[in-house]
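Listed here are the chains, written in short residue letters.
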Amino acid sequence: MLDIHLKRRQGDFLVDVAIAAGPGVTALYGPSGSGKTSVISMVAGLSRPDDGRILLDGRALFDKARNIDLPPEKRRLGYVFQEGRLFPHLSVRGNLLFGHKKVPPAERKVTLEDVVEVLGIAPLLDRHPARLSGGEKQRVAIGRALLAHPRLMLMDEPLSALDPSRKAEVLPFIGGLSRQFNVPILYVSHAMDEVLRLADTLVLLQGGRVVAGGPVEDLLSRPDLCAHTGRAEAGSVIVATVAGHDGERGLTRLDFAGGPLVIGWMDLAVGARVRVRIHARDVAIALDPPTRTSMRNAIPAIIRSISPGEGHVVDVVLDCGGAPLWAQITAHSQALLGLAPGQSVHALLKAVTVTGGDVTDRINQNSAL
Amino acid sequence: MAGLFTLTPLEIESLKLSLLVSVWAVAGSLPFGILCAWVLARLRFPGKTLFDGIVHLPLVLPPVVVGYLLLLTLGRRGPLGEWLYDWFGVTVAFTWKGAALASATIAFPLMVRSIRLSLEGVDRGLEQAARTLGRGPVATFFTVTLPLVAPGILTGAILSFARSLSEFGATITFVSNIPGETRTLPLAIYTLTQEPGGTDPALRLCLIAVAVALITLLAAEVLSRRAQARLTG
């Protein structure tokens, strides 16, 4: 459990945040210059807050009031830097063991063999960092941080320097880390796909302040936050379980809080937990369940809220058995149907609107979902 | 007269003395050189420009001046020299140790410059990474910073060694020109050129000096390539 209250002035820029991060992956999300890196740099002890406190599992790493400021080497955190920062004079093995050697055997949580196997870096052990690809470097950097047996991992956009294929190579490794090695992760990112794939909790940062924090699904389904989470990708995120496939008809069936959901066939293991992003502009609303339609999904729902969106669009948030579903319809349609909060309706969704990019396998499933 | 490829006792003596003096000059000044370079590269303090200037002074002063200042302070009657003698029974004036000290002083700025340059090129992010991995500032210096500046230290040491081999002015002023004690190669050459019939022996010594310098430079090249290769895989 990480509990931070920090203030730091850097020139004209003021970082003033309060963040609580539980187990699993907590993503700090925001545009460049929103203070994400400043925050984790302060948590790591690489820069000093002007005021506030940083508590990790009840232990103060920094507390202005009590005059506590542990140096970075005493904080026992694993920091994965954006650019890897591997030691060029050491082999991969030397890098991996750099922090490991300083930790008393009784406090070690993982072995070199475990980490090497999970990250798939066995063939690299005797190489020097200069001979590694970008993706390999980041995997080694992650391994090095893990082998410092940290109480908390800090990751500062570890994938941002990688091209998409390298990114896809490293992403799965990060996904499982928190659960496999039982270590919470504070993950800085400005890429929504990473957040969807990895994070349990989302903290939105803007201009050095926290805009909102909470479970990823809740925050992404809130129209009022879409200025921060991305208007173009506006849509809700639901958690679902893969119920089965209908190969003949080319369909995949999911189960979520609102009932069954049919999407186009996707290569997913039955029983797997997935996150599905449903774009608000793809959701239509009907007062009665439609009978003769191509729409494969008609989900009973209750209107939770209606708010004006951009132009002639209104944002309607529906409640499907507890899961939020966000629909964007025209103000005209709203008036025509006489939609109002509390009303029972049906959310309509074409199966084909959910594509591969909208479904992410949740490798990291240790959240309290 | 010696053969073309056999050295006379006098040549061997001055060559050995030159190497002894230069090795000690480098070995003795290296820790201070690294410290000075670190201070100049990393610290900010009032009077830093002045400190920088003093470190570099031997580079721009006539070596005779440096030698004379050393004589004034470290000679038997000098304040430091007297103290050294009283407390440790050590005399540097007119001994090979004094010659090493003179060489070290003259070569010091070259050593510091090269190490400092290398230190300034070290990615501070790597030191931060070492700190987050549980190493304190001192351990970080020895496990990360020092290995990364190894090529710079090597270059500095070799420059300083080469400069020490060629040291003349400060040496002759501070420790005089005593055969077998302070008469290094350059001093021996100078002595020969002052004597009748010394032209040929002086030329032979010159060739020895050229050979030593060349070997030093080649060794430096090979070593620094190796050091660089270690860093770039």
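Not measured: the values here are computed from a predicted model. (Residues numbered from 1 in each chain as written. Chains lettered and ligands numbered in written order. Predicted model: local features only at pLDDT ≥ 70, side-chain atom pairs only at ≥ 80, totals over all residues. Heavy atoms only, no water.)

### Describing the nonpolar core
Side chains of a nonpolar character, in soluble globular proteins, are inclined to be buried together.
At step 1: Grouped together as the largest cluster of nonpolar side chains are 64 residues, with contacts concentrated most on Leu28, Val39 and Leu154 of chain A.
At step 2: No other element matches the eight residues that helix H7 (residues 137-165) of chain B contributes to this core.
At step 3: In this structure, Leu154 of chain A is in contact with Ile40, Val43, Ala44, Leu77, Gly78, Tyr79, Val80 and Leu186 of chain A, ignoring residues within four places of it in sequence.
At step 4: Counting 48 residues, the second largest nonpolar core, distinct from the first, contains Val116, Ala145, Ile174 and Ala212 of chain A. (Core = buried A, V, L, I, M, F, W, Y, C linked by side-chain atoms within 4.5 Å. Buried < 20%, exposed > 50% of the residue type's maximum accessible area, 1.4 Å probe, protein only. Helix = DSSP H or I, 4+ residues; strand = E, 2+ residues; numbered from the N terminus. Contact = heavy atoms within 4.5 Å.)

### Some remarks on the pattern of salt bridges
At step 1: Summed over all chains, the structure comprises 21 salt bridges over all chains.
At step 2: The partner of Glu107 of chain A in a salt bridge is Arg76 of chain A, and the shortest N-O contact between them spans 2.6 Å. A residue pair is termed long-range when its members are at least 10 positions apart, and Glu107 of chain A in the loop between helix H2 (92-100) and helix H3 (112-119) and Arg76 of chain A in the loop between strand E6 (68-69) and strand E7 (77-80) qualify at 31 residues.
At step 3: A residue is classified by how much of its surface remains accessible, and Glu107 of chain A, at 39% relative accessible area, is partly exposed.
At step 4: Here Arg124 of chain B ties to Glu127 of chain B by a salt bridge, and the two come within 3.0 Å at their closest N and O atoms. Here Arg124 of chain B pairs with Glu127 of chain B, and both are found in helix H6 (residues 124-132), just three residues apart, close to one helical turn.
At step 5: We classify Glu127 of chain B as buried; its relative accessible area is 9%.
At step 6: Look at the salt bridges and you will find they share partners, linking Arg48, Asp69 and Arg75 of chain A into a network. (Salt bridge = Lys/Arg side-chain N within 4 Å of Asp/Glu carboxyl O.)

### Concerning the sheet that holds strand E14 (residues 259-264) of chain A
Residues and elements named next belong to chain A.
At step 1: Spatial strand order, E14-E13-E12-E15-E21: five strands in an open sheet with antiparallel pairing. Of all the strands in the sheet, the pair left with one neighbour each is E14 and strand E21 (359-361). On average, adjacent strands in this sheet sit at an angle of 40° to one another, irrespective of strand direction.
At step 2: Across six bridges, strand E12 (residues 235-246) lies against strand E13 (residues 251-256) in antiparallel orientation. Paired with His245 across the bridge in E13 is Thr252. (Pairing = 2+ DSSP bridges. Axes fitted to C-alpha atoms, helices over the stretch in contact; angles between N-to-C directions.)

### So, a nonpolar patch on the surface
Residues and elements named next belong to chain B.
At step 1: Taken together, Val65, Tyr68, Leu69 and Leu72 make up a surface patch of nonpolar side chains, about 360 Å² in accessible area.
At step 2: Within the secondary structure layout, Leu69 lies in helix H3 (residues 63-74).
At step 3: Classification of Leu69 by relative accessible area gives partly exposed; the value is 44%. (Patch = residues over 30% accessible without salt bridge, like charges linked within 9 Å, V, L, I, M, F, W, Y side chains within 5 Å. Areas by Shrake-Rupley, 256 points an atom, 1.4 Å probe, with all protein chains shown as cover.)

### Some points on the pairing of E13 of chain A
Residue and element names in this part refer to chain A.
At step 1: In sequence, E12 turns back onto E13 through a hairpin of four residues, with Gly250 there showing a positive phi of about 70°.
At step 2: Here E13 pairs with E14 via six bridges, running antiparallel. Paired with Thr252 across the strands is Ile263, a residue of E14.
At step 3: Taken together, E13 and the strand that follows it, E14, pair antiparallel across an intervening segment of two residues.

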